[in-house]
Structure formats: C-alpha cells, structure tokens
Amino acid sequence: MDFTTHSLDDMSAEISPELPDHASIMEVRLQAQEEEIILLKSSLADALRRIHVHDQLLPLIKQQLVAVNPAAALVFNKVCCSDFTSCRKLSSSSGLDGIHQFATSQLSVSAMATANGHVGPVPEELTTKAATMDRSTQTEHTLLRQDLGHDSVPLHRRVQSLQLEDALHPEQHILEGTRAKLHRIPGMEEDEEQEEEDEGGGEQEKAFSWASSVEEPIQPTTIRGLHDGCFSSEEPRSASTSNRNLEQNLSPRSAPPLTPIQEEHKLLVRRNSEKLVNPERQKKRLDKKALSTANLLTRSPSLENRAKELISSAGSPGSRRGTYSQGQSIKMFIRGRPITMYIPSNIQNYEDLRMEPPSQRLELDWVYGYRGRDCRANLYFLPSGEAVYFIACVVVLYHINNRTQRHYRKHTDCVRCLTLHPDKVRVASGQTAGVDKDGKALQACVHIWDSTTLVTLQQIGLGTFQRGVGSVAFSCADSGTFLCVIDDSNEHMLSVWDCNKGTKHAEVKSTNEAVFAVEFNPSDSTNIITCGRSHVYFWTLSRGQFTKKQGIFGKYKKPKFIQCFVFSLTGDVLTGDSEGNILTWGKSAADVKTLGKGAKETLQIMRQTKAHEGSVFTLCTLQGSALLSGGGKDRKIIRWSADLAPERECEIPEKFGAVRTIADVDDEELLVGTTRNAILRGTFSDGFVAIVQGHVDEMWGLATHPSQNIFLTCGHDRQVCLWNTEEHQLDWCINLEEYGLCADFCPNGSVVSVGLSTGRWMVLDLLTQDVISDSTDGNEQLSVIRYSPDGSFLAVGSHDNFIYIYNVTENGRRYSRFGKCNGHSSFITHLDWSTDGKHIMSNSGDYEILYWDIAAGCKLLRNRFESKDREWASYTCVLGFHVMGVWLEGSDGTDINALCRSHSERIVAVADDFCKVHLFQYPCPKPKAPSHRYEGHGSHVTNVCFTHCDSHLLSMGGKDMCILQSPPPARRAARSEQSSNALVMEVFVKPCIFIPVFEVLQQVC
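### Topic: the overall build of the protein
For the protein, the helix and strand inventory stands at 18 helices and 55 strands. Burial analysis of the protein (1005 residues in total) assigns 56% to the buried set. Within the protein, contacts between residues at least 6 apart in sequence are counted, and of these 55% link residues at least 24 apart.

Here's what the structure looks like:
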C-alpha cells in the first residue's frame, strides 16, 4: 500500500502523544491508513484515465496527419513507435523522464511544426533539438525557438505530457478555486458537490473543476504528480489571466492561424474532456472512483505496465510535507513492511556504490569460560601442560602455566562430550545435531583430532547419530583401536567404531533411560560398561554382536541415578550414585535357587561406602591406586586409599558450585571443573583458585569502558561481571536480585549503569562495587541504557514503549528525571545519541525508526528526512540507512540481535540469531553486502561491542555465553609470525560469551 516514499513508521510519528492508551493509538492509525488507501486508489485511477485519454488521441491525430500530409504522418509514425518502445523499457528511476521525452521531444515537435505553419516533413534540425529535451541534457526551450526562426510558444505550453489540460478547449476559463478540489477529505465529497451546485456557473464550470483538480500534483499520501519537474509549476491564476496568456501564445506573432488539423484536434480533445467530466460520475464518492482502477487495468495491459512505472518513479520534489524523489530515499522490507531510508547528502550516486568486505579479519585467539553445568567428564590434562575442555563449538587447549590458549574449531554445533586417547595426544569430541538458519538439520558426528597439530584425523558417524552425541570412550587394551559412542536418540544407540578406518563395527539399542557415561574395560576391549538413570549395564562384544547384563542391586537401595564409574586396579568397578555412595561391583557365582538351574555368573554389589552428602558427581583414579571423589551438595573433594579409606578432603568455595569433574595434574595438583562453569586449580594443602570463570545462564548486557581495557557483562544468572581484557580474567563479580539485561559506562569511566528485568536500573561504582543510585521506570524490562557523549544525559529504553531521559550531574553520581520520549508503538530495542548530545535515534520491536530532539524537551521529530545527515556518536541501531546492507533477504526482523560500529567508523560488527558474528564495511547501505562470517557460538549471539580503541571486538552468546578477545600489545608482538595480517579474536566462554575481540593490525590484501 506504500506507493510514496513515506513508510508506515512515518505514520506512527503523526499520532498525537496525548492519546490516552495504546488502543486509541492503534484505532487512529488504522483509520488513517484506510483513508490513505482510498486516496491512493483514487489517484492511480485518475492517472490511468489521463493516460487512456492520450492513448485515444494518438490514432485520431495520426489519421488527420495522413489526410493532410502523408510525409508528416510517416515521421509521426516512426517517432511514436520508437518512443513507445523506449517508454515501456524505462526503469523506475527514469520512468517520468521517458514519458516526457515521448511527449516533449517528438510528438511536440510535430505539433509545433504544424502549429507554426510547417507543412511537410519535420525539419531535421528541429527533430534533433527536440530529441535532447530530457533531464540528462537539459536543452533549453529557447534553442528550439531560435531554430524555428521566430518566437514560438514554449514547448510545455503547447503539449504537456499526461496533462489533462491538453484535452481542453483553449478558450475554457480556468477558475482559481478549481485546483483545490484535489485536496478532498474522505467523507466530505457530498458537501463539496453541494457547494458547487450552490455556486452555479453552469455545467461547463463543474466539468472543468474536475479536470483541474485531477491535474494538480498529488500530495504526500498519494501518487506524485505526473507532470515532470522541468515543466513550470506556476500557481493557479484567475480566468482572465489564463485567457490573456493563452491569447498571447496563440497570437499571430507567436504562430500562424490554426490549421484545419488543429481545429479538428481541439474538437476531439473537447469531446473526450466532456466525457470524462460527466456530472453523474462527479457525484460518486472517492472510494467509488477508486474501484475503476481494476477495470482499467483489465481492459488495457499496457496501462498496467505503465502504472507500475509511474508508481516506481513516484516522488516528484514539488509536493509538500517532505515527499522526496526516488533518488533521495530507498525502501527496505521486513516481514512485508516497508521502511523508508533517506539517503544522506554526501552520497551523490547511490546506485554506483560498491560494497566490499572489510580488509580487517578476525582470528579466534582466547576463550574464557567452561561448560560444566550440564556436561560430565569434560576436563583432561595433557602431557604438554595444557588443560583440554570445551565451550560452545570450541574445544579449548589452555596452558595452565604460560596462560596461553589454542582452539580446535572444526565443530559446526555445540560440543557435548570429550575423551582422551591412551596415547595422550589424540582427542575425540562429539557434537549435537542442531539446525542452520534455513531450518536444515546439521548432522551430529564425532571428530578425532591431533592435539598437537589440531588436524582432524577422522570424522565418525556423520549422519548416523540422532540429535547428538552424549558420551564417547576409547578402548585401552588394544591401544585405542576402537571408539565407543552413545547418541542422544530415544533408544540411546550404543555403537563401536574403528578409529583408523572410520567404519562401524557393531551397534545395539542400549536403553530408553538417560545414559551418563560409557567406558571400555582397560584390560579387555570386548567389555563395555554404561551407567545412567537407575541402571548399570555390562556389555560383551563378540563377533559384532552385543550381550547385555544388568547390575543387580540386591539388598542395597537402588539409587535414582548412577552418575559415574571407574575401574580399580583389581578389576572391580566403582560407581558413584545420587545417594552419595560409592558402590563396588564384582563377579559372583550364579544364585541357582533364585535364578534357576543353568544361571550364569552375575555382577553384584560387593561393598557400599558412604562418601558424600548428596550425589557423587565424579570419580578419578590416581597413580598408586588412590581414588578421588567429588561431591555435589557438600562440594567436597575426598582422597581415598585403595581399600576406600578416606585420607584427605577439602571443600571448594560455594560461589563456584559443586564438583563436576576432576583431572589429575601431577598426583598432587588437581584441576576441578564445577557446576557453575569454573575451572579451579590447586592442592589439598593450598586450596583452589579459579583459572577459568564465566556466567551460568543466558547473557544479554555488554558494555566496554570508555578508556580502559575492561568490559562488563550481565545476564539471567543475576551476575554482573567486570572482565579485564589484558589479564584475561575476571576482576570482580556481584550478584543482583533481578536479571541484568543492559549496561553502559558513564563517559568519565567511574560508574556504570545496569538495566534490570523489572524496570529498575542501578548505578555501580567501579572501584567499590557499591550502588550509588537506584531508580525504577515502569514495570517492564529495560532493553537499552545509554549515556550521551558528554555524560550529561542518560537514556533508558523500556519494553513499555517509552524512553526515559535523566539529567546526570556530579560525575555520574546524581540523576534527576528530565523527560520521557513518547511515540513508539512497540518496545524499545536500540538507541544512539548524536555527537552533539542533543538528539536520539531509536528502534522498536515493530521496526520503527524515530528521531528525538532531547534539548527541545524530548520532542519527536516527525520529518525523518531532516535527520538524514545527522552524525551519531555511536551506531548500535539495527535499522538505519548506514546499516541497511547487513540484513539478509527475507529477514523477519529478529534475525539480527545487535550491531556495533567501530570507533574508526570503518567496519560494523553484527550479532545474528544463527550463532554467527559478521564483519561488514561501514557504511553498509546496499542490500546483499558481502561480509566476513565467523563461527564459534553454539547459540544466538546476543551482543557485540568494540573496546575504546578498537583493539577488541566482544561478541556475547546467549545460552552458550562466550567472549572473543585479542591479546595485549606485548603478546601480540610475540605472536606476530602467526597472526600478522589478522584481526585477533578471543573467546570468553562459559555458557559462552563470545567476544570477538578484534584488533586492527594490518589490512589484509
């Protein structure tokens, strides 16, 4: 329905902010849209009628020319054919030019020649001059008069393309008030018609009043006038003035007397005009006139094509209310809704812009965080001194002494399990299935790779595993020839694969219950054990077939979960369960009395040892047959002797959660993975400290310091964390009562504001972590909070559709309400301040782009065209001319969660809903712009942000919570041989905060 350069988001700006509620706003908007549709239909019908009149005139004029002068008719026929062909091929940007070129450059030449006494072929010089009468050459009309050798009537006075006055008798009086008839208000037609009848003036005056009104250029909410800008745009004149000018143009000094052809032409035009202005049709309502559009298009397919050209080229610069030409604005569509983007003045040739991917690139270099909340047995220590673990789609190799990282990044979705080969070099990691952005399933698989070179050696089971891979284990007795895999299907399929060939050796359905772990017997590769919900299964593999035996609990209470198990040096199996017990399983003779004659030996519980309060989450064997156990509820790590006598114990701090897994470093030092996504390093005597930390739930808030290499994150875990990008560590972390969803640093860098999920926002002191201000705006969540460039204002965007503005004084420690921006029809998603700190650009959930004058009292700027050249201190709004090209074709409006322009204003980083981070050139105003795409997140990317000097690009994941970051300058120099031509990207991981940290090193050729 949007045939003009105004979009529906302009409509929202027209709604009065005093309307009491949302229902009234929507009602007024709906009514305005219905009226606009009626005007659009009427305007299109009027335009098509005028075109139809000209189509009827051309054959009649041709017949008259043939009768009088066959040579002139031949010229006329060639001109018409060529111009009609070119007119239909015009693009939307030149459609009006083509129509005027037909009317003014050729047809008007023949008419001028005839009107001025030329009989016979049209002079060649006249035809040549007329052919240049277009917008590209701007040939003056006076040149034509010079070529004719005498004063002639101006071209646009003799023949005006697509103007209904051409079809009127020259002696017809033009009344001054008739041109105003176009501006009819829907529902007022009957009153106007009654006024016309009262005024009198006869049938002739009524008829011409209609003809004049449809000639007026159509105003903002309708299709623009069909009269090209090169024609005169004089104001309506009185009848006497019009007649006087007409007589002067037709005087003998300007042209000879009218020829018989012209007399006949006048009669023909007059008949058509009288037919159009039939009083019966004039009495119909505006919506009745619009209905004729469909009939007109049906009768003439050529008219339909011409109408499309007119619609696409709508936007003559002559009308009021800032309706601009096609060259001044473009439209993008999200979910079928048009959004108008006004082209800045410094872009002269939009069509000639060429989008290239940025020369800078990102390289994953660091990952903070660890996935311990919902994964088991995912931490190992390598002989190289590296701890290997995973987060999101990345397997991290972290050197615990050198504090450096390497990454295995061949997985296409979240890694779910991990195991180490007996040679301590090869690693197997399994991933979940998932889907891509088009909904196409991504297949689960297991990668076997070399931890030294990070080269993939084998890809196992692509297309075989359903949903994902839950557990993996290498065989030990045969030096790791086989790999056992359990998938996440309903039957939890157990399969054994040849590691060298990548072929499946055997497969069987294990159980419908959850399976937590699988291992080969270290002394016999034909024996496999699985455990999980209420079961322990002992499998025997023989000739490609599995035989299953279930562990018998007998007189012992059957636990709800068997969480883990290990093999002792004596060959017994030790399991840890949800009751806090360590159970020792061994073989025993068959109970013939119970199981009957011929029963085989069974595996039964030989001993039960109470180990922890709550679950036993992990068991780890040490050299010398000692055993370590990690508890859940009591958070204890206990060292046991070979006969399960407790030797030493320690308790990890509560803030790190329960023990999830344990890795032995040197029989004294340990690595401990916790349920709150941290990795601890320490000993029983010295205690444990965190070397890896992260959030434990979905993250959204991300802000970088204006002058230091630190940044702040917050999320659904109610934690606010301050990270140091140079030390790769957490500086401090505090807990809130509610979710944190957005944050921003004050420009002076001493305080930071955090917006919460209940409409509450607080200001924290960076040094003391004290709350220095606490306010509440509305009762809905806050989605964006941002300081003005000079720190004098704070804007708070809420899901209640308002932007609250606060005065900031005392270096960010005192806040007072300044005003409220009221005009959005949906929740606020993003906002940015102008460089002068006086204006705000904001986006909302229904894809509006609004501009506000804060200095003028939070006034809504209704004419968005006036803001097209305004400069912005930051650019995080996802909708705007400068970032139009980041949207993929067919996007639904939620595909991009965040974006951020670099401080150098050369690139823009985009966080999408498909686990990707994109790097685009800035500005990026052309659709389908190329970009660099980076993977690593296993969930939607919620935020991206550049640090103060563009040294790091931080991208934050949602459910995975990851952060990517480059090393500090000293370490970057040491790595220059490996990453000299790259932007380095580092990943903070925990539930995955990706911080693509980008560092501008050199431009890549």
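### Description of the sheet that holds strand S20 (residues 562-567)
Strand order in the open sheet made by the 4 strands is S20-S21-S22-S23, with antiparallel pairing throughout. Of all strands in the sheet, those bounded by a partner on one side alone are S20 and strand S23 (602-610). Between one strand axis and the next, the sheet turns by 30° as a mean value, whatever way the strands run.

### Quick word on the pattern of salt bridges
Throughout the structure, instances matching the rule amount to 23 salt bridges. Across the pair Asp774 and Arg760 runs a salt bridge, and its minimum N-O distance is 2.5 Å. Of this pair, Asp774 sits in strand S39 (residues 771-776) while Arg760 sits in strand S38 (residues 760-765), and the two are 14 residues apart along the sequence. Residue Asp774 is classed as partly exposed on the basis of its relative accessible area, which comes to 39%. In the salt-bridge network here, residues are joined through shared partners; they are Glu737, Glu738, Arg760 and Asp774.

### Section: the sheet that holds strand S7 (residues 404-408)
Reading across from one edge, S4-S5-S6-S7 is the order of the 4 strands in this open sheet, with antiparallel pairing throughout. Each of the sheet's edge strands pairs with one partner strand only, and the pair in question is strand S4 (380-381) and S7. Where strand S5 (residues 386-391) lies against strand S6 (residues 394-399), 6 bridges are found, and the strand directions are antiparallel. The residue of S6 that forms the bridge with Phe390 is Val395.

### So, empty space enclosed by the protein
Inspection of every chain in the model, using the stated rule, returns 6 cavities of 30 Å³ or more. Each pocket or cavity is described by its volume, and for the largest cavity that value is around 150 Å³. Around the largest cavity sit 16 residues that line it, and Tyr342, Tyr851, Ser867, Lys868 and Phe881 are the ones nearest its centre. Among the secondary structure elements, those contributing two or more residues to the lining of the largest cavity are strand S2 (337-342) and strand S46 (849-853). Counting residues per element, the lining of the largest cavity draws most heavily on S2, which supplies 3 residues. Across the lining of the largest cavity, the residue classes tally to 9 nonpolar, 4 polar and 3 charged.

### As for the side chain of Asp960
With respect to the secondary-structure elements, Asp960 resides in the loop between strand S53 (953-957) and strand S54 (961-964). No salt bridge is formed by the buried Asp960; the nearest opposite charge belongs to Arg371, separated by 8.1 Å. Among the polar contacts made by the side chain of Asp960, one reaches the main-chain amide nitrogen of Gly938 at a distance of 2.5 Å.

### A few points about unusual backbone geometry
Between Tyr922 and the following residue, Pro923, the backbone shows a cis peptide bond with an omega angle of -5°. Locating Pro923 in the fold gives a position in the loop between strand S50 (917-921) and strand S51 (932-934). Despite not being glycine, Arg718 shows a phi value in the positive range, around 65°. Tracing the sequence through the fold places Arg718 in the loop between strand S33 (710-715) and strand S34 (719-724). Taking relative accessible area as the criterion, Arg718 reaches 35% and is therefore assigned partly exposed. Even without a glycine there, the phi angle at His728 is positive, about 60°. Tracing the chain through its elements places His728 in the loop between S34 and strand S35 (729-735).

### Describing the nonpolar core
In this structure, Leu879 and Val886 are the most contacted members of the largest nonpolar core, which totals 32 residues. Apart from the residues within four sequence positions on either side, Val886 is in contact with Ile896, Leu899, Val908, Val910, Phe920 and Cys924. Judged by nonpolar contacts, the second largest core, of 21 residues, contains Leu379, Tyr389, Leu671 and Val692.

### Here's the deal with the environment of Lys331
With respect to the element layout, Lys331 can be found in strand S1 (residues 329-334). The spatial distance from the C-alpha of Lys331 to the C-alpha of Tyr342 is 8.6 Å, given a sequence separation of 11 residues.

Rules of the game
- Residues numbered from 1 in each chain as written.
- Predicted model: local features only at pLDDT ≥ 70, side-chain atom pairs only at ≥ 80, totals over all residues.
- Heavy atoms only, no water.
- Helix = DSSP H or I, 4+ residues; strand = E, 2+ residues; numbered from the N terminus.
- Buried < 20%, exposed > 50% of the residue type's maximum accessible area, 1.4 Å probe, protein only.
- Contact = heavy atoms within 4.5 Å.
- Pairing = 2+ DSSP bridges.
- Axes fitted to C-alpha atoms, helices over the stretch in contact; angles between N-to-C directions.
- Salt bridge = Lys/Arg side-chain N within 4 Å of Asp/Glu carboxyl O.
- 1 Å grid on protein atoms, 1.4 Å probe; cavity = no way out; pocket = protein on both sides within 12 Å on 5 of 7 lines; lining within 4 Å.
- Points joined across faces, edges and corners; volume = space filled by probe spheres on them.
- Nonpolar A, V, L, I, M, F, W, Y, C, P; charged D, E, K, R; others polar.
- Lys, Arg positive; Asp, Glu negative; His and termini not counted.
- Polar contact = N/O pair within 3.5 Å; in protein donor to acceptor, adjacent residues only side chain to side chain.
- Core = buried A, V, L, I, M, F, W, Y, C linked by side-chain atoms within 4.5 Å.

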